[in-house]
Amino acid sequence: MAWLARARLLQITRILHPAPWSLQEASRGKLGAPLVAKVARNYASSAPSYKYVLAEKKGEGGCVGLVTLNRPKALNALCGELMEDLKYALLELEADPTVAAIVLTGSEKAFAAGADIKEMQHKGFVDCYAGSFLQGWDALTRIRKPVIAAVNGYALGGGCEVAMMCDIILAGEKAKFGQPEISIGTIPGAGGTQRLTKAIGKSRAMQMCITGDPINAQQASEWGLVSSVHPPDQLVNEAIKLGERIGNHSKVIVSMAKASVNKSYETSLAEGLQFEKNLFYGTFATKDQTEGMTAFVEKRKPNFTDS
Ligand SMILES: CCC/C=C/C(=O)SCCNC(=O)CCNC(=O)[C@H](O)C(C)(C)COP(=O)([O-])OP(=O)([O-])OC[C@H]1O[C@@H](n2cnc3c(N)ncnc32)[C@H](O)[C@@H]1OP(=O)([O-])[O-]
(Lines give C-alpha, C1' and ligand atoms only; values in the text may rest on other atoms or scores of the structure.)
Protein backbone atom coordinates (compact mmCIF):
# COMPACT_ATOMS: atom_id res chain seq x y z
CA MET A 1 0.00 0.00 0.00
CA ALA A 2 2.96 2.34 -0.50
CA TRP A 3 0.97 4.32 -3.09
CA LEU A 4 -1.76 4.97 -0.53
CA ALA A 5 0.71 6.25 2.05
CA ARG A 6 2.29 8.38 -0.69
CA ALA A 7 -1.06 9.81 -1.80
CA ARG A 8 -2.02 10.60 1.78
CA LEU A 9 1.33 12.21 2.46
CA LEU A 10 0.85 14.35 -0.64
CA GLN A 11 -2.65 15.37 0.44
CA ILE A 12 -1.63 16.12 4.02
CA THR A 13 1.44 18.17 3.19
CA ARG A 14 -0.75 20.14 0.79
CA ILE A 15 -3.07 21.04 3.65
CA LEU A 16 -0.15 22.00 5.85
CA HIS A 17 1.58 23.94 3.10
CA PRO A 18 -0.95 25.36 0.66
CA ALA A 19 1.79 26.89 -1.55
CA PRO A 20 2.68 24.98 -4.74
CA TRP A 21 5.16 22.19 -4.11
CA SER A 22 5.75 18.60 -5.13
CA LEU A 23 6.31 15.38 -3.24
CA GLN A 24 9.89 15.47 -4.48
CA GLU A 25 10.30 18.90 -2.91
CA ALA A 26 8.74 17.55 0.26
CA SER A 27 11.15 14.65 0.41
CA ARG A 28 14.08 16.98 -0.39
CA GLY A 29 13.23 18.80 2.83
CA LYS A 30 11.66 21.97 1.44
CA LEU A 31 8.75 21.48 3.82
CA GLY A 32 10.90 20.64 6.79
CA ALA A 33 12.29 17.16 7.26
CA PRO A 34 10.86 16.58 10.76
CA LEU A 35 7.33 17.41 9.63
CA VAL A 36 7.41 15.19 6.57
CA ALA A 37 9.10 12.42 8.52
CA LYS A 38 6.38 12.54 11.19
CA VAL A 39 3.54 12.44 8.67
CA ALA A 40 5.26 9.67 6.76
CA ARG A 41 5.82 7.69 9.95
CA ASN A 42 2.16 7.92 10.92
CA TYR A 43 0.99 6.92 7.48
CA ALA A 44 3.44 4.09 7.06
CA SER A 45 1.83 2.46 10.08
CA SER A 46 -1.60 0.87 9.77
CA ALA A 47 -2.49 2.03 13.29
CA PRO A 48 -1.00 5.45 13.92
CA SER A 49 -0.94 6.30 17.56
CA TYR A 50 -0.60 9.51 19.49
CA LYS A 51 0.47 10.34 23.01
CA TYR A 52 -2.20 12.88 23.91
CA VAL A 53 -5.14 12.16 21.62
CA LEU A 54 -7.16 9.09 20.68
CA ALA A 55 -8.30 8.85 17.08
CA GLU A 56 -10.96 6.36 16.05
CA LYS A 57 -13.78 5.89 13.58
CA LYS A 58 -17.39 5.65 14.75
CA GLY A 59 -20.88 5.71 13.29
CA GLU A 60 -22.32 3.83 10.35
CA GLY A 61 -19.52 2.47 8.18
CA GLY A 62 -17.00 4.41 10.26
CA CYS A 63 -18.16 7.65 8.65
CA VAL A 64 -17.43 9.78 11.73
CA GLY A 65 -13.91 10.38 12.98
CA LEU A 66 -13.73 10.76 16.75
CA VAL A 67 -10.74 12.57 18.22
CA THR A 68 -10.53 12.58 22.01
CA LEU A 69 -8.11 14.87 23.82
CA ASN A 70 -6.42 12.62 26.33
CA ARG A 71 -4.22 14.34 28.89
CA PRO A 72 -6.39 13.78 31.95
CA LYS A 73 -3.83 14.69 34.63
CA ALA A 74 -3.62 18.24 33.29
CA LEU A 75 -7.32 18.55 32.35
CA ASN A 76 -6.29 18.37 28.69
CA ALA A 77 -4.15 21.50 28.94
CA LEU A 78 -3.05 22.17 25.39
CA CYS A 79 0.70 21.67 25.47
CA GLY A 80 2.75 21.76 22.26
CA GLU A 81 2.88 17.98 21.93
CA LEU A 82 -0.89 17.65 22.34
CA MET A 83 -1.51 20.27 19.66
CA GLU A 84 0.87 18.43 17.31
CA ASP A 85 -0.94 15.15 17.96
CA LEU A 86 -4.28 16.86 17.38
CA LYS A 87 -3.10 18.29 14.07
CA TYR A 88 -1.92 14.94 12.74
CA ALA A 89 -4.98 13.05 13.99
CA LEU A 90 -7.21 15.55 12.20
CA LEU A 91 -5.14 15.33 9.04
CA GLU A 92 -5.35 11.56 9.15
CA LEU A 93 -9.15 11.71 9.28
CA GLU A 94 -9.25 14.48 6.67
CA ALA A 95 -7.35 12.20 4.29
CA ASP A 96 -9.59 9.18 4.95
CA PRO A 97 -12.20 9.01 2.17
CA THR A 98 -14.70 7.09 4.32
CA VAL A 99 -14.86 9.84 6.96
CA ALA A 100 -17.58 12.44 6.39
CA ALA A 101 -17.32 14.45 9.61
CA ILE A 102 -15.09 14.66 12.65
CA VAL A 103 -16.08 14.94 16.32
CA LEU A 104 -13.57 16.52 18.69
CA THR A 105 -14.08 15.92 22.40
CA GLY A 106 -12.28 15.74 25.74
CA SER A 107 -13.28 14.12 29.03
CA GLU A 108 -16.43 14.65 31.09
CA LYS A 109 -14.43 16.93 33.40
CA ALA A 110 -12.60 18.96 30.77
CA PHE A 111 -12.76 19.53 27.06
CA ALA A 112 -9.53 21.49 27.65
CA ALA A 113 -8.53 23.81 30.51
CA GLY A 114 -6.56 26.06 28.20
CA ALA A 115 -3.08 26.42 26.80
CA ASP A 116 -0.49 24.84 29.09
CA ILE A 117 0.30 27.54 31.67
CA LYS A 118 3.37 25.66 32.91
CA GLU A 119 4.75 25.64 29.37
CA MET A 120 4.09 29.37 28.95
CA GLN A 121 5.18 30.51 32.41
CA HIS A 122 8.82 31.33 31.56
CA LYS A 123 8.45 32.33 27.94
CA GLY A 124 9.61 35.78 26.86
CA PHE A 125 8.39 37.89 23.96
CA VAL A 126 11.10 36.67 21.61
CA ASP A 127 10.32 33.01 22.42
CA CYS A 128 6.71 33.67 21.47
CA TYR A 129 7.23 35.94 18.50
CA ALA A 130 10.27 34.41 16.87
CA GLY A 131 9.76 30.86 18.11
CA SER A 132 7.16 28.42 16.96
CA PHE A 133 4.69 29.10 19.77
CA LEU A 134 1.08 28.65 18.55
CA GLN A 135 2.33 27.59 15.14
CA GLY A 136 0.00 24.90 13.96
CA TRP A 137 -2.87 25.86 16.28
CA ASP A 138 -4.92 26.97 13.30
CA ALA A 139 -4.45 23.65 11.43
CA LEU A 140 -7.92 22.81 12.71
CA THR A 141 -9.40 25.72 10.77
CA ARG A 142 -7.94 24.37 7.52
CA ILE A 143 -9.72 21.01 7.80
CA ARG A 144 -12.29 20.89 5.00
CA LYS A 145 -14.55 18.28 6.55
CA PRO A 146 -17.04 19.49 9.17
CA VAL A 147 -15.64 19.36 12.69
CA ILE A 148 -18.09 19.12 15.61
CA ALA A 149 -16.85 20.02 19.10
CA ALA A 150 -18.52 17.95 21.84
CA VAL A 151 -17.72 19.97 24.96
CA ASN A 152 -18.12 18.51 28.43
CA GLY A 153 -16.67 20.25 31.48
CA TYR A 154 -14.14 23.06 31.18
CA ALA A 155 -13.50 24.76 27.85
CA LEU A 156 -11.30 27.58 29.09
CA GLY A 157 -8.84 29.88 27.35
CA GLY A 158 -7.28 27.96 24.48
CA GLY A 159 -9.85 25.22 25.14
CA CYS A 160 -12.71 27.59 24.37
CA GLU A 161 -10.75 28.89 21.37
CA VAL A 162 -10.23 25.37 20.00
CA ALA A 163 -13.97 24.66 20.41
CA MET A 164 -14.72 27.86 18.51
CA MET A 165 -12.41 26.80 15.66
CA CYS A 166 -14.79 23.88 15.11
CA ASP A 167 -17.81 24.26 12.84
CA ILE A 168 -20.51 23.26 15.31
CA ILE A 169 -20.37 23.15 19.12
CA LEU A 170 -22.55 20.79 21.16
CA ALA A 171 -22.30 21.15 24.93
CA GLY A 172 -22.84 18.87 27.88
CA GLU A 173 -25.09 20.27 30.62
CA LYS A 174 -22.10 20.90 32.91
CA ALA A 175 -19.87 22.57 30.32
CA LYS A 176 -18.19 25.84 31.21
CA PHE A 177 -16.87 28.19 28.56
CA GLY A 178 -14.51 30.98 29.47
CA GLN A 179 -11.60 33.19 28.51
CA PRO A 180 -9.79 33.49 31.88
CA GLU A 181 -6.45 34.62 30.43
CA ILE A 182 -6.91 38.04 32.04
CA SER A 183 -6.59 36.35 35.46
CA ILE A 184 -3.09 35.15 34.62
CA GLY A 185 -1.87 38.40 33.11
CA THR A 186 -2.45 37.84 29.41
CA ILE A 187 -5.20 37.89 26.80
CA PRO A 188 -6.63 35.25 24.44
CA GLY A 189 -4.22 34.48 21.61
CA ALA A 190 -5.98 31.92 19.41
CA GLY A 191 -9.18 33.70 18.47
CA GLY A 192 -10.88 34.32 21.82
CA THR A 193 -11.34 38.05 21.30
CA GLN A 194 -12.31 37.57 17.65
CA ARG A 195 -14.42 34.42 17.23
CA LEU A 196 -16.17 34.88 20.56
CA THR A 197 -17.16 38.45 19.65
CA LYS A 198 -18.55 37.27 16.32
CA ALA A 199 -20.42 34.43 18.01
CA ILE A 200 -22.03 36.20 20.98
CA GLY A 201 -21.61 39.93 20.32
CA LYS A 202 -19.29 42.62 21.67
CA SER A 203 -20.78 43.31 25.08
CA ARG A 204 -20.89 39.67 26.19
CA ALA A 205 -17.50 38.79 24.69
CA MET A 206 -15.95 41.89 26.26
CA GLN A 207 -17.37 40.98 29.64
CA MET A 208 -15.99 37.45 29.41
CA CYS A 209 -12.55 38.57 28.24
CA ILE A 210 -12.03 41.34 30.78
CA THR A 211 -13.55 39.67 33.83
CA GLY A 212 -12.38 36.14 33.05
CA ASP A 213 -15.75 34.87 34.32
CA PRO A 214 -16.94 31.70 32.57
CA ILE A 215 -20.46 31.00 31.33
CA ASN A 216 -22.36 27.75 31.69
CA ALA A 217 -23.85 25.58 28.96
CA GLN A 218 -27.30 27.13 29.26
CA GLN A 219 -25.95 30.65 28.81
CA ALA A 220 -23.72 29.50 25.98
CA SER A 221 -26.79 28.08 24.28
CA GLU A 222 -28.93 31.18 24.85
CA TRP A 223 -26.10 33.38 23.55
CA GLY A 224 -25.66 31.29 20.40
CA LEU A 225 -22.19 29.94 21.15
CA VAL A 226 -23.41 26.34 21.08
CA SER A 227 -26.08 24.65 18.96
CA SER A 228 -27.56 22.39 21.63
CA VAL A 229 -27.07 21.07 25.16
CA HIS A 230 -27.17 17.39 26.17
CA PRO A 231 -26.74 15.20 29.26
CA PRO A 232 -22.97 14.72 29.67
CA ASP A 233 -23.02 10.95 29.13
CA GLN A 234 -24.99 11.28 25.88
CA LEU A 235 -23.07 14.19 24.39
CA VAL A 236 -20.52 12.31 22.31
CA ASN A 237 -23.17 9.95 20.91
CA GLU A 238 -25.31 12.94 19.94
CA ALA A 239 -22.32 14.47 18.17
CA ILE A 240 -21.64 11.20 16.35
CA LYS A 241 -25.30 11.00 15.28
CA LEU A 242 -25.00 14.53 13.93
CA GLY A 243 -21.87 13.48 12.06
CA GLU A 244 -23.78 10.51 10.60
CA ARG A 245 -26.55 12.83 9.38
CA ILE A 246 -23.94 15.00 7.66
CA GLY A 247 -22.54 11.77 6.21
CA ASN A 248 -25.82 11.14 4.35
CA HIS A 249 -24.92 13.98 2.02
CA SER A 250 -22.30 14.43 -0.65
CA LYS A 251 -18.91 15.09 0.96
CA VAL A 252 -17.87 17.47 -1.77
CA ILE A 253 -21.06 19.53 -1.50
CA VAL A 254 -20.83 19.54 2.31
CA SER A 255 -17.32 20.97 2.11
CA MET A 256 -18.57 23.67 -0.27
CA ALA A 257 -21.37 24.57 2.17
CA LYS A 258 -18.84 24.72 5.00
CA ALA A 259 -16.50 26.96 3.01
CA SER A 260 -19.36 29.28 2.13
CA VAL A 261 -20.67 29.63 5.70
CA ASN A 262 -17.12 30.25 6.95
CA LYS A 263 -16.60 32.90 4.29
CA SER A 264 -19.20 35.03 6.04
CA TYR A 265 -16.64 35.56 8.83
CA GLU A 266 -14.04 36.92 6.45
CA THR A 267 -15.74 39.21 3.97
CA SER A 268 -18.26 41.94 3.34
CA LEU A 269 -21.83 40.84 2.59
CA ALA A 270 -21.43 41.63 -1.14
CA GLU A 271 -18.23 39.59 -1.44
CA GLY A 272 -19.71 36.77 0.62
CA LEU A 273 -22.80 36.62 -1.55
CA GLN A 274 -20.63 36.50 -4.68
CA PHE A 275 -18.51 33.72 -3.16
CA GLU A 276 -21.66 31.78 -2.28
CA LYS A 277 -23.10 32.23 -5.77
CA ASN A 278 -19.88 31.03 -7.42
CA LEU A 279 -19.82 27.93 -5.22
CA PHE A 280 -23.52 27.37 -5.87
CA TYR A 281 -22.82 27.46 -9.63
CA GLY A 282 -19.88 25.16 -8.93
CA THR A 283 -22.17 22.50 -7.48
CA PHE A 284 -23.64 22.20 -10.99
CA ALA A 285 -20.30 20.85 -12.16
CA THR A 286 -20.69 17.83 -9.88
CA LYS A 287 -22.41 14.50 -10.45
CA ASP A 288 -23.88 14.76 -6.97
CA GLN A 289 -25.97 17.81 -7.92
CA THR A 290 -27.45 15.91 -10.86
CA GLU A 291 -28.01 12.84 -8.69
CA GLY A 292 -29.57 14.83 -5.82
CA MET A 293 -32.07 16.61 -8.04
CA THR A 294 -32.83 13.50 -10.13
CA ALA A 295 -33.45 11.46 -6.98
CA PHE A 296 -35.90 14.10 -5.75
CA VAL A 297 -37.81 14.05 -9.02
CA GLU A 298 -37.81 10.23 -9.11
CA LYS A 299 -38.97 10.13 -5.45
CA ARG A 300 -36.04 8.03 -4.23
CA LYS A 301 -33.05 8.48 -1.95
CA PRO A 302 -29.99 9.96 -3.67
CA ASN A 303 -26.93 7.83 -4.16
CA PHE A 304 -24.12 10.35 -3.80
CA THR A 305 -20.69 9.38 -5.07
CA ASP A 306 -18.78 12.40 -3.77
CA SER A 307 -17.96 13.38 -7.31
C1 LIG B 1 -3.61 29.83 22.83
C2 LIG B 1 -3.08 31.07 23.39
C3 LIG B 1 -3.88 31.78 24.42
C4 LIG B 1 -4.43 30.89 25.42
C5 LIG B 1 -4.10 31.05 26.72
C6 LIG B 1 -4.65 30.17 27.73
O7 LIG B 1 -5.38 29.26 27.46
S8 LIG B 1 -4.18 30.51 29.30
C9 LIG B 1 -4.97 29.27 30.28
C10 LIG B 1 -6.41 29.53 30.50
N11 LIG B 1 -6.96 28.56 31.43
C12 LIG B 1 -6.98 28.76 32.76
O13 LIG B 1 -6.56 29.78 33.26
C14 LIG B 1 -7.58 27.65 33.58
C15 LIG B 1 -6.54 27.06 34.51
N16 LIG B 1 -7.07 25.97 35.28
C17 LIG B 1 -7.88 26.15 36.35
O18 LIG B 1 -8.24 27.26 36.70
C19 LIG B 1 -8.31 24.94 37.13
O20 LIG B 1 -7.45 23.88 36.80
C21 LIG B 1 -9.77 24.49 36.84
C22 LIG B 1 -10.74 25.51 37.42
C23 LIG B 1 -9.99 24.32 35.35
C24 LIG B 1 -10.04 23.10 37.51
O25 LIG B 1 -9.70 23.17 38.86
P26 LIG B 1 -9.56 21.81 39.71
O27 LIG B 1 -9.34 22.21 41.11
O28 LIG B 1 -10.69 20.91 39.37
O29 LIG B 1 -8.24 21.12 39.10
P30 LIG B 1 -6.71 21.58 39.33
O31 LIG B 1 -6.56 23.05 39.26
O32 LIG B 1 -6.14 20.88 40.51
O33 LIG B 1 -6.05 20.99 37.98
C34 LIG B 1 -5.68 19.64 37.84
C35 LIG B 1 -4.31 19.61 37.19
O36 LIG B 1 -4.40 20.19 35.92
C37 LIG B 1 -3.44 21.22 35.80
N38 LIG B 1 -3.95 22.27 34.91
C39 LIG B 1 -5.20 22.73 34.79
N40 LIG B 1 -5.27 23.69 33.87
C41 LIG B 1 -4.03 23.82 33.37
C42 LIG B 1 -3.47 24.64 32.37
N43 LIG B 1 -4.21 25.50 31.64
N44 LIG B 1 -2.17 24.53 32.11
C45 LIG B 1 -1.41 23.66 32.78
N46 LIG B 1 -1.89 22.84 33.73
C47 LIG B 1 -3.18 22.93 34.02
C48 LIG B 1 -3.24 21.72 37.22
O49 LIG B 1 -2.03 22.41 37.34
C50 LIG B 1 -3.29 20.41 37.97
O51 LIG B 1 -2.06 19.72 37.84
P52 LIG B 1 -1.06 19.56 39.12
O53 LIG B 1 -0.66 20.94 39.46
O54 LIG B 1 -1.88 18.88 40.14
O55 LIG B 1 0.05 18.73 38.53
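Here the structure is a predicted model, which is why all the values come from computation and not from measurement.

> Sorry if this is basic, but what is going on with the overall build of the protein here?
The number of helices and strands found in the protein is 14 helices and 10 strands. In the protein, which comprises 307 residues, the share counted as buried stands at 42%. Counting contacts in the protein only where the partners sit at least 6 residues apart, residues at least 24 apart contribute 65% of the total. By element, 56% of the accessible surface of the protein is carried by carbon and sulfur atoms, the whole surface being about 16,400 Å².

> I keep staring at the site of the ligand and nothing clicks. Help me out?
As a structural note, the neighbourhood of the ligand is formed by 24 residues, with Lys109, Ala113, Ala115, Ile117 and Gly158 the closest of them. Ile117 is positioned with one of its backbone polar atoms (N or O) 2.9 Å from a nitrogen atom of the ligand. Lys118 places a polar side-chain atom, nitrogen or oxygen, 3.1 Å from an oxygen atom of the ligand. Those elements that provide at least two residues to the shell around the ligand are helix H5 (117-120), strand E6 (154-156) and helix H7 (158-165).

> What should I look at first to understand empty space enclosed by the protein in this one?
Any space left empty among the atoms is revealed by the rolling of a water-sized probe across them. Considering all chains together, one arrives at 1 cavity of 30 Å³ or more under this definition. A volume near 30 Å³ is recorded for the largest cavity. Considering the residues around the largest cavity, the lining is formed by Met83, Leu86, Lys87, Leu90, Gly136, Trp137, Ala139 and Leu140. Grouping the constituent residues of the lining of the largest cavity by class yields 6 nonpolar, 1 polar and 1 charged.

> Please clarify how the sheet that holds strand E9 (residues 215-216) should be interpreted in this entry.
Consider a sheet: its strands pair through backbone hydrogen bonds, and that pairing is either parallel or antiparallel. On the basis of which strands lie adjacent, the open sheet formed by 4 strands has the order E4-E6-E8-E9 and mixed pairing. Every interior strand has two partners, whereas the edge strands, strand E4 (110-112) and E9, have only one. The pairing of E4 with E6 spans 2 bridges and is parallel. Among the inter-strand pairings, Ala112 is bridged to a residue of E6, identified as Ala155. Running at roughly 95° to E6, H7 makes contact with E4, E6 and strand E8 (176-178) of the sheet.

> Please clarify how the pattern of salt bridges should be interpreted in this entry.
Where side chains of opposite charge bring their charged atoms close, a pairing between them can arise. Using the criterion set out here, one finds 11 salt bridges in the structure. When the shortest N-O distance is used, the salt bridge between Asp96 and Lys57 registers 2.8 Å. Within this pair, whereas Asp96 is found in the loop between helix H4 (80-95) and strand E3 (101-105), its partner Lys57 is found in strand E1 (residues 53-58), the two being separated by 39 residues in sequence. Residue Lys57 is classed as partly exposed on the basis of its relative accessible area, which comes to 41%. With a closest N to O distance of 3.5 Å, Asp138 and Arg142 form a salt bridge.

> Would you mind going over the nonpolar core with me for this structure?
One broad rule of soluble globular proteins: the nonpolar side chains tend to lie buried together. Membership of the largest hydrophobic core comes to 50 residues, with the highest contact counts inside it found for Val67, Leu104, Phe111, Val151, Ile169, Phe177 and Leu225. Of all the elements, H4 adds the most residues to this core, at 8 residues. Counting residues in hydrophobic clusters, the runner-up holds 14 residues, among them Val64, Leu66, Ala150 and Leu242.

> For this particular structure, what's the right way to read the sheet that holds strand E5 (residues 147-151)?
One open sheet holds the 6 strands; their spatial order is E1-E2-E3-E5-E7-E10, and the pairing between them is mixed. Every interior strand has two partners, whereas the edge strands, E1 and strand E10 (228-230), have only one. Within the sheet, the average angular offset between the axes of one strand and its neighbour, ignoring direction, is 25°. Note: E5 against strand E7 (residues 168-172), 4 bridges, orientation parallel. Along E7, the bridge assignment pairs Ile148 with Ile168.

> Would you mind going over helix H12 (residues 251-263) with me for this structure?
Because an α-helix packs 3.6 residues into every turn, residues spaced three or four apart end up facing the same way. Here H12 contains 13 residues, and its C-alpha end-to-end distance of 18 Å stays within 8% of the 18 Å for a straight helix at 1.5 Å per residue. Residues of H12 that are buried: Val254, Ser255, Met256, Lys258 and Ser260. Each element contacted by the buried residues of H12 is listed here: E5, helix H11 (235-247) and helix H13 (269-283).

> In this structure, what is going on with the layout of surface pockets? I would like to understand it.
There is about 760 Å³ of room inside the largest pocket. As for the largest pocket, its lining consists of 27 residues, of which Met164, Cys166, Asp167, Asn262 and Tyr265 are closest to the centre. Listing elements by their share of the lining of the largest pocket, those giving two or more residues are H7, E7, helix H8 (195-200) and H12. The element best represented in the lining of the largest pocket is H12, accounting for 5 residues.

> In this structure, what is going on with the environment of Gly114? I would like to understand it.
Relative to the helices and strands, Gly114 is located in the loop between E4 and H5. Classification of Gly114 as buried rests on a relative accessible area of 4%. Along the backbone, Gly114 and Gly157 are 43 residues apart, and their C-alpha atoms lie at a distance of 4.5 Å.

Procedures and definitions
- Per chain, the residues get numbers from 1 upward, laid out in the order the sequence is written.
- Predicted model: local features are reported for residues with pLDDT of at least 70 only, side-chain atom pairs are reported and counted for 80 or more only, and whole-chain, interface and lining totals are derived from all residues.
- Where side-chain values are given, they derive from all heavy atoms of the structure, hydrogens and water being excluded.
- Elements are defined by DSSP. Helices are runs of H or I of four residues or more, strands are runs of E of two residues or more, and each kind is numbered from the N terminus.
- A simple rule labels every residue: compare its accessible area, found with a 1.4 Å probe on the protein chains alone, to the largest value its type can have, and call it buried under 20%, exposed over 50%, or partly exposed in between.
- Two residues form a contact once any of their heavy atoms are found within 4.5 Å.
- Accessible surface is estimated by sampling points in the Shrake-Rupley manner with a 1.4 Å probe; for residues, cover comes only from the protein chains shown.
- Residue proximity to a molecule or strand is established when one non-hydrogen atom of the residue lies within 4 Å of it.
- We call two N or O atoms a polar contact when they sit within 3.5 Å, provided that within protein one can donate a hydrogen and the other can accept it, with sequence-adjacent residues counted only if both atoms are side-chain atoms.
- With a 1 Å grid spanning the protein atoms alone, the term cavity applies to any set of points in which a 1.4 Å probe fits but cannot get out, the term pocket to an open set with protein on both sides within 12 Å along at least five of seven lines, and the term lining residue to any residue with an atom within 4 Å of a point.
- Grid points are joined across faces, edges and corners, and a volume is the space filled by probe spheres set on the points.
- Side-chain classes are defined by residue name, with Ala, Val, Leu, Ile, Met, Phe, Trp, Tyr, Cys and Pro counting as nonpolar, Asp, Glu, Lys and Arg as charged, and the others, Gly among them, as polar.
- At least two DSSP bridges between two strands are needed for those strands to be called paired.
- In this analysis, axes come from line fits to C-alpha atoms, helices being fitted only over the stretch in contact, and the angle between any two N-to-C directions falls in the range 0 to 180 degrees.
- Here a salt bridge means any side-chain nitrogen of Lys or Arg lying within 4 Å of a carboxyl oxygen belonging to Asp or Glu.
- By nonpolar core we mean a set of buried residues, namely Ala, Val, Leu, Ile, Met, Phe, Trp, Tyr and Cys, connected to one another through side-chain atoms within 4.5 Å.
- To estimate the expected span of a helix, subtract one from its residue number and multiply by 1.5 Å.

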